[in-house]
Structures are given as structure tokens and as C-alpha cells.
Amino acid sequence: MNADGQGLAGVSDASPAEVVGVYDGWVSTYDTDVLSWGYDVPGRLASVIAAAGATNGDVLDAGCGTGLAGLALDAVGVASVIGADFSPESINAARQRGVYRELHVIDLSQPLPFTSQRFLAVVCAGVFSYLTDPDTVLREFLRVVSRGGPVVFTQRVNLWERREMDAVLQRLADETRCTVDVSPPRPYLPGHGEFDDGVYDVTLTAS
């Protein structure tokens, strides 16, 4: 990725170590950059959590980055936001927000170090671009969320087929692990020319 953000879309094909390197090195300008590109995903997903009434307890911000989703969750009244990300520098930036009860350096592609049904909800904003096995990740999210709790995330429209999202979500529904709601395409980074297709906002409600 160049300093002006060109090449960002291609980072989804990078190795985990390369992705960490990009985000560790981007921390100082990340917020300014993405907000200038019209990034409003954190607020959209936080509004789903508020509408579900999942605010009076722990909510996992999975892939919290510098903490923009944590700020949005705090703004809608979430009592306890727990952040997790695999970029140590992003975690350091998120800590400065003062909205996280806990922060963990975690690779979301691995089993999560949390007890089952610990969280009222899970939010994962703009992260599934980098998760090549969404089935495994979503099963972990559904394990750590309480019954009836929402798991809300985004997936880029142009990665939907490549990541076989229809099949993944259908399996989870067929196994009665959750119900599934997928939005029409919505903006992702509308001011960044590489993301014209937008994203789907997805809500899984754990069974």
C-alpha cells in the first residue's frame, strides 16, 4: 500500500505477517485516512448492537484496530467493550481511547481465548477481507456469544464469492447455529476508488 492508500484493496491477498506490518505502520494516519474516505461502518454496526439491546455487558470488538468501533459502541451505551486485534501498534492506539475494558493481541484465525457465551454481542468491522477461512472464524464468534446475541460484521462485495460466503452462511443456518440477515450492498470507503462495490453488512443471531 502506498502512503496515499493506493493498493489497499490488494492487502486482502497478503500474508498475515504482511497485513500486521501494513497496519502497524499505518497507525499514525489511519483514522484521518479512513474517515476522509467516508468510513462509517463502525457506527452502522454499533447501531445494530443498540437495536438488539446488547449493551449491558461485554461486547467483543473483534479486529478493533485503532478503536473506531470501540468509540461507536461506547457512544451507543455498551457497558463493557473488549477489544482484540493482531496489530500490536493498533492495540496501543486503541488503548488511548479510554473506552476498552480489556485489549488483547489476538489472531482471529485461531481459537479465541474466551469462554463460551461470554459476550452479549460480537462486532467485526472491516476485517473479513483478511480472514480467508470465514467458516472457522464465524463458528468461534458464535461460540463466544450468548444465545440470542448478535454477531455483526462486514464483507466486501467483491470478495463475497471468493470467500464462499453464501455457502458458509447457509451451513451455519442449516445447522441451526444462527439466523442470518444480509443487507443490500452498502458503502465501505466511498471516497477511495478501490472500493466502489461496497460491503454487505451481516447479522448472525446465535441460536
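Residues numbered from 1 in each chain as written. Predicted model: local features only at pLDDT ≥ 70, side-chain atom pairs only at ≥ 80, totals over all residues. Heavy atoms only, no water.

Asks: Can you help me understand the packing of helix α5 (residues 134-144) against helix α6 (residues 165-174) in this one?
Replies: The angle between the axes and the distance between the axes are what describe a pair of packed helices. As a packed pair, α5 and α6 sit with axes 10 Å apart at the nearest point and diverge in direction by 35°. In terms of crossing hand, the pair formed by α5 and α6 is right-handed. Residues P134, D135, L138, R139 and L142 of α5 pack against M165, V168, L169, R171 and L172 of α6. Tallied by class, residues from the contact of α5 with α6 come to seven nonpolar, no polar and three charged. (Axes fitted to C-alpha atoms, helices over the stretch in contact; angles between N-to-C directions. Helix = DSSP H or I, 4+ residues; strand = E, 2+ residues; numbered from the N terminus. Left-handed = near helix turned anticlockwise from the far one by under 90°. Contact = heavy atoms within 4.5 Å. Nonpolar A, V, L, I, M, F, W, Y, C, P; charged D, E, K, R; others polar.)

Asks: Sorry if this is basic, but what is going on with empty space enclosed by the protein here?
Replies: Within the structure shown, the criterion is met by two cavities of 30 Å³ or more. Computed from the structure, the largest cavity encloses a volume of approximately 430 Å³. In this structure, the largest cavity is lined by 32 residues; those nearest its centre are Y23, Y30, G63, G126 and V127. The set of elements that each furnish at least two residues to the lining of the largest cavity consists of α1 (16-36), α3 (68-75) and β2 (80-85). The element that contributes the greatest number of residues to the lining of the largest cavity is α1, accounting for four residues. The volume enclosed by the second largest cavity comes to roughly 30 Å³. What lines the second largest cavity is R156, N158, Y188, E194, F195, D196, D197 and G198. (1 Å grid on protein atoms, 1.4 Å probe; cavity = no way out; pocket = protein on both sides within 12 Å on 5 of 7 lines; lining within 4 Å. Points joined across faces, edges and corners; volume = space filled by probe spheres on them.)

Asks: Help me understand the side chain of D61 in this model?
Replies: On the secondary structure map, D61 appears in strand β1 (residues 58-62). Within the buried set, D61 has no salt-bridge partner at all; the shortest N-O distance to an opposite charge, 8.8 Å, is to R97. Discounting chain neighbours no more than four positions away, the residues touching D61 are A69, G70, L73, V81, I82, G83, A84, Y100 and V123. (Buried < 20%, exposed > 50% of the residue type's maximum accessible area, 1.4 Å probe, protein only. Lys, Arg positive; Asp, Glu negative; His and termini not counted. Salt bridge = Lys/Arg side-chain N within 4 Å of Asp/Glu carboxyl O.)

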